[in-house]
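Now for the letters of each chain:
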Amino acid sequence: MASSVSYVSTSGSGGSFSFARALQLGLSPDGGLFFPDHIPQLPKSDSEKLKGASSAETGKVLLWPWLKDNLSREDFDAIISDALNFDAPLKQLGEDTFILELFHGPTLAFKDFAARTMGRLMAAMLRRKGEMLHVLTATSGDTGAAVADGFYGVEGITVWVLYPSGKVSPLQEKQFTTLGGNIRALEVDGTFDDCQRLVKQAFVDDELRAERNLTSANSINIGRLLPQMVYYSLAVSQLREKGFDVDGAQAPVFVVPSGNFGNITAGLFASRMGIPAGHFVAACNQNQTFYDYIQSKKYKPRPSVRTMSNAMDVGDPSNFARIEYLYERDPELVSRSISAFRTDDTVTAETIRSVYKKHGYIMDPHTAVGFDAWKQFKSTRKTSLTGPGVVLATAHPAKFGDVMPEEIAGAIEQPEALRRLSGREKKADFIAPEYPVFRAALLK
Ligand SMILES: *Cc1c(COP(=O)(O)O)cnc(C)c1O
């Protein structure tokens, strides 16, 4: 039997951590990100099981080798069945272009895959007897929605969502302030950075930690990364069903709209496990730090700029450290597996229009950045990479009606999950951006 996976830090100060410990800590004590000491390989017999498998069935095959020493098979199966209870249909737009719809979960974005799984894993692994586990999360929008929903109703957990007042979209705000129950929203009279600072301060407050079992649900947690491997396999399985030979030169090119690069990192992990992937394309908006890195081989973070694909407005992608680590800090190796393109707002809006006109398909701005990157990749690609493109559709267009071209926004069908929200009442505590105020709220 293969040895169990443990976690080291990308900053390399030594030490090895169990999955549960990495899940609890989020960030390694030396400030690095947790990284697996090896990536389990899928046995051939497992590849067979993935054909035609549902999200949950796929999750059980892919995630078990990572978690088998942490949970009983029974608990694991129950968690995955409960978390991954929606699918990821693959839609074809033209001969060699596919859209992998990752927005059929409760908050209509791909983050549901990870948040729902992580919430249940935390409940199973981190609860101390008779004590509540408090999950702190600072959000500028989408993460709060996915985490709140992912942990909603999970027994033994209270979630605190801190968000900057007036700086998240009304729809996003509804998604995490109207659930109630074990989800507590704190509307901070400040910026997203204030929210993050408050959360960080709580983690270094030993007195508070003695009284409260704390953990965080930020995007760098390894528990959020691993479940995202699942849909790469779902794409491959659906291509096989459509008669594509995905195993050789025809392996798919995955095009990933990227912000913090967690999504694409999960794809790289899936590929190392043995899921066929010919190449990866990182699709960036005007926040082009990674694009510049691929061109110049130098990493230079910069301040983020606001775009219509705002979940990708990141100037210093947190998972870059994992990508560098995976490729032994060799930019040449990175660029052999990953290409990068950038798309500005004008072209994003044009892409939404032209795709709608040509295919009658409405894509959200993040997906449109991906679609344009695929177009750019095709016109420049090397002949050895001939597989079809799978563009990851990271969110449902109805979530971004306010920034979509007007004539198309009106044509978007409102999903039930959004219609339900409109009648719900917001419940949030308004707090000053000061640590003692936040601390008091946590202890109340
Ligand atoms: C979070 C998010 C992204 C970016 O994903 P990363 O893993 O941070 O690269 C892209 N699109 C949408 C809709 C998102 O919510």
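Our subject is the structure listed above.
Residues numbered from 1 in each chain as written. Predicted model: local features only at pLDDT ≥ 70, side-chain atom pairs only at ≥ 80, totals over all residues. Heavy atoms only, no water.

K.L.:
Hey, could you run me through the site of the ligand in this one?
P.N.:
Residues in close proximity to the ligand total 15 residues, the closest being K111, D142, G259, N260 and F261. For the ligand, an oxygen atom lies 2.9 Å from a polar atom in the backbone of N263. Here T394 contributes a side-chain N or O atom positioned 2.9 Å from a nitrogen atom of the ligand. Considered on its own, the ligand offers 380 Å² of accessible surface; in the complex 95% of this is hidden by protein. Taken together, the residues of the shell around the ligand sort by class into six nonpolar, seven polar and two charged. (Near = heavy atom within 4 Å. Polar contact = N/O pair within 3.5 Å; in protein donor to acceptor, adjacent residues only side chain to side chain. Areas by Shrake-Rupley, 256 points an atom, 1.4 Å probe, with all protein chains shown as cover. Nonpolar A, V, L, I, M, F, W, Y, C, P; charged D, E, K, R; others polar.)

K.L.:
Looking at this structure, I do not really get unusual backbone geometry. What am I missing?
P.N.:
Outside of glycine, negative phi angles account for most residues, and trans bonds account for most peptide bonds. In the Ramachandran plot, F261 falls in the positive-phi region, its phi being about 65 degrees despite a non-glycine side chain. Considering the arrangement of structural elements, one finds F261 in the loop between β9 (253–257) and α12 (262–273). In this model, E328 sits at a positive phi of 50 degrees, which is unusual for a non-glycine residue. Take E328: it is sitting in the loop between α14 (320–326) and α15 (331–337). (Helix = DSSP H or I, 4+ residues; strand = E, 2+ residues; numbered from the N terminus.)

K.L.:
What is the right way to look at helix α3 (residues 55–67) in this model?
P.N.:
In an α-helix, one turn spans 3.6 residues; hence positions three or four apart end up facing the same way. End to end, α3 covers 17 Å across 13 residues, agreeing with the expected 18 Å (1.5 Å per residue, within 8%). Along α3, the helix axis deviates most sharply at V61, where the bend reaches about 30 degrees; the proline P65 sits within four residues downstream. Taken across its 13 residues, α3 has 11 buried, putting it largely inside the fold. Among all positions in α3, only S55, A56, T58, G59, V61, L62, L63, W64, P65, W66 and L67 are buried. (Expected span 1.5 Å × (residues − 1). Bend = angle between axes of the 7 residues up to and from the residue. Buried < 20%, exposed > 50% of the residue type's maximum accessible area, 1.4 Å probe, protein only.)

K.L.:
Would you mind going over the nonpolar core with me for this structure?
P.N.:
Across soluble globular proteins, nonpolar side chains show a tendency to be buried alongside one another. Formed by 94 residues in total, the largest nonpolar core has its most connected members in W66, F151, M229, F290 and I338. Once residues within four sequence positions are removed from consideration, W66 is found in contact with V5, Y7, P36, H38, I39, P40, L226, M229, F269 and M273. Residues A283, I352, Y361 and I408 belong to the second largest nonpolar core, which totals 33 residues. (Core = buried A, V, L, I, M, F, W, Y, C linked by side-chain atoms within 4.5 Å. Contact = heavy atoms within 4.5 Å.)

K.L.:
Help me out: how do you make sense of the side chain of N285 in this one?
P.N.:
Tracing the backbone through its elements, the reader meets N285 in the loop between β10 (279–284) and α13 (289–296). The class for N285 is buried, based on a relative accessible area of 0%. In this structure the side chain of N285 is engaged in a polar contact, spanning 2.9 Å, whose partner is the side chain of T307. A polar atom in the side chain of N285 sits 3.0 Å from the side chain of S309.

K.L.:
Is there a simple way to think about the packing of helix α8 (residues 192–203) against helix α20 (residues 435–443) in this case?
P.N.:
Helix-helix packing: each pair is described by the crossing angle between the helix axes and the interaxial distance. Contact geometry for α8 and α20: axes closest at 10 Å, N-to-C directions at 65 degrees. Crossing angle aside, the handedness with which α8 passes α20 is right-handed. On the side of α8, the interface is formed by L198, V199, Q201 and A202, while α20 contributes Y435, F438 and L442. Among the residues making up the contact of α8 with α20, the classes are represented as six nonpolar, one polar and no charged. (Axes fitted to C-alpha atoms, helices over the stretch in contact; angles between N-to-C directions. Left-handed = near helix turned anticlockwise from the far one by under 90°.)

K.L.:
Got a minute to help me understand the sheet that holds strand β4 (residues 97–101) in this structure?
P.N.:
Across the sheet, six strands lie side by side as β3-β4-β12-β9-β10-β11; this open sheet has mixed pairing. Looking at strand neighbours, the two that pair on one side only are β3 (90–92) and β11 (338–342), the edges of this open sheet. The mean inter-strand angle of the sheet, taken between neighbouring strand axes irrespective of direction, is 25 degrees. Summarising the sheet, β9 and β10 pair through five bridges and their orientation is parallel. In the sheet register, P257 faces β10, and the bridge partner there is A283. (Pairing = 2+ DSSP bridges.)

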